[in-house]
Structures are given as structure tokens and as C-alpha cells.
Amino acid sequence: MSDSLVIIPTYNEKENIEKIIRKVFSLSKKFHVLIIDDGSPDGTASIVKSMLAEFPMQLFIEERQGKLGLGTAYIHGFRWGIKNKYDYMFEMDADFSHNPDDLIRLYQACSEKHADVAIGSRYIKGGKIKNWPLDRIMMSYFASLYVRLVLWISVRDTTAGFKCYRRIALEKIDLNNIKFVGYAFQIEMKYTAWRLGLKIIEVPITFVDRKEGYSKMSKGIFKEAFWGVILMRFKKIKA
């Protein structure tokens, strides 16, 4: 049994999914992996299911019908992890933009430094971005700056998607009150944790653009985030 669950949402990740699962299972610390697949037409779920017998009681998959959004995928995973009594739950992309080796550092920030939320951060000292064009780096940086200015939040990388939550932190967050499903979901979860007074630690990471598959970013996702931040500013937050 492991105390840690890595939640990986997928949609058309056949090029990456087996490699990322095997990499996580190769780490010195024991992690379990939960794949949340939104009906990938490329056969991502079939690849995962073909690996279940090799990794019994370590690898799990939840299949959903249609693209229901990143936020709902993670909330589905959080509820599954809480039900199964994992003490630490991680958000991670399937495309190796998040280095699985850093899972251990995020875990240590929560287990040893007592963070309620550990964030893999690109925008603190030691954090880096590789292989992104300059315009995308600038857009991401100023998006985080915009969030900090509107929400008055001290987190530097407000849009980061590589995180570790302690179960007790997730149990304090009213997941029914998390409304955004795209890019803004990452912001809303951090803002909610911050407003609840949970301890947040940022851990410097190197973010690397995906080498295989394609990005799921869209103009609609950024539009949701832009207006969503303003709505969050006036949102009532309760545990």
C-alpha cells in the first residue's frame, strides 16, 4: 500500500501514457497512479487497461464519457483518493511537461515541511521553463501576475498544474463549490486553499513543453480564466 496517489487526466495521450506510468513506478518512493480518461478516441484507455495486470493494486483507471473538463477530472480523482484513504494526492500531466522525479520533492514539502499544498512552481527562484516560445512564456508569466494582482494572493505560480495536496487539506475544501473546469480550475483551487488559511509551499521545478501529442489549450480556456479570476475575487469561500 502507498500513502500517495498520482492523478493523471488523459485525452488522446497514447504516445505518452505507458511511458509516464512506468516512470512513476520506477521512482524510489512508492506511488499509486489513477488515470482519469475522458473517452480518448485514440485508445489511451485501452493502453492503460492492458497494464493493469502488470501493476495490480498500483494502477487504476476511471473512464468517463466525453471531454468533461480538467477540473471535473481532478475532483473525480480527489473524491476517489479520499474514499480510498490516500494521505497525499498529486496532480500531474501525462505529457512529461511535469518531471515525475519532482513528485518526491512535492511529497517531501507536504510530509516533512508540513505544507497542506505543495506547488511545482516555474516562477520562484530555481524554477524554469524549457522549449516554450517567448510569447507563450510571457503570456503565462503575465497571467500569473494578473491573478496575483486581482486576488491579492501570495502564490507566484498561480496557474501551475503540478501539485500535491494533503488529504486533510482536500477535506477542508468544499469541492462542490469549485465551479471552473478549465485553466481557471487551477487558480480557483489555490485561491480557495489560500483563503482557508492552508499552508502553501512552492517548490521550484523545470517545466518542459511536451514532445509528443498535442496541447489541449484553447482560447476558450484562457477566456474562462480571465473572467473567472474576477468572479473569484467576490466569491464566498467556506470549508
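What comes next is a walk through the structure. (Residues numbered from 1 in each chain as written. Predicted model: local features only at pLDDT ≥ 70, side-chain atom pairs only at ≥ 80, totals over all residues. Heavy atoms only, no water.)

What follows covers the overall build of the protein chain. Counting secondary structure elements, the protein chain contains 8 helices and 9 strands. Relative to its length of 239 residues, the protein chain is compact, with a C-alpha radius of gyration of 17 Å against a globular reference of 18 Å. With the principal axes as the frame, the protein chain shows a C-alpha extent of 50 × 35 × 35 Å. Among the 239 residues that make up the protein chain, the fraction classed as buried is 52%. Total accessible area computed for the protein chain in this model is approximately 11100 Å², and 56% of it derives from carbon and sulfur atoms. The averaged location of the 27 negative side-chain charges in the protein chain is 6 Å from the averaged location of its 38 positive side-chain charges. (Helix = DSSP H or I, 4+ residues; strand = E, 2+ residues; numbered from the N terminus. Rg over C-alpha atoms; globule rule 2.2 N^0.38 Å. Buried < 20%, exposed > 50% of the residue type's maximum accessible area, 1.4 Å probe, protein only. Areas by Shrake-Rupley, 256 points an atom, 1.4 Å probe, with all protein chains shown as cover. Lys, Arg positive; Asp, Glu negative; His and termini not counted. Charge placed at Lys NZ, Arg CZ, Asp CG, Glu CD.)

Once that is clear, we can look at a nonpolar patch on the surface. Side chains of Leu134, Met138 and Phe142 sit close together on the surface and give an oily, nonpolar patch of about 310 Å² of accessible area. Mapping leucine 134 onto the fold places it in helix H5 (residues 134–151). For leucine 134, a relative accessible area of 61% puts it in the exposed group. (Patch = residues over 30% accessible without salt bridge, like charges linked within 9 Å, V, L, I, M, F, W, Y side chains within 5 Å. Salt bridge = Lys/Arg side-chain N within 4 Å of Asp/Glu carboxyl O.)

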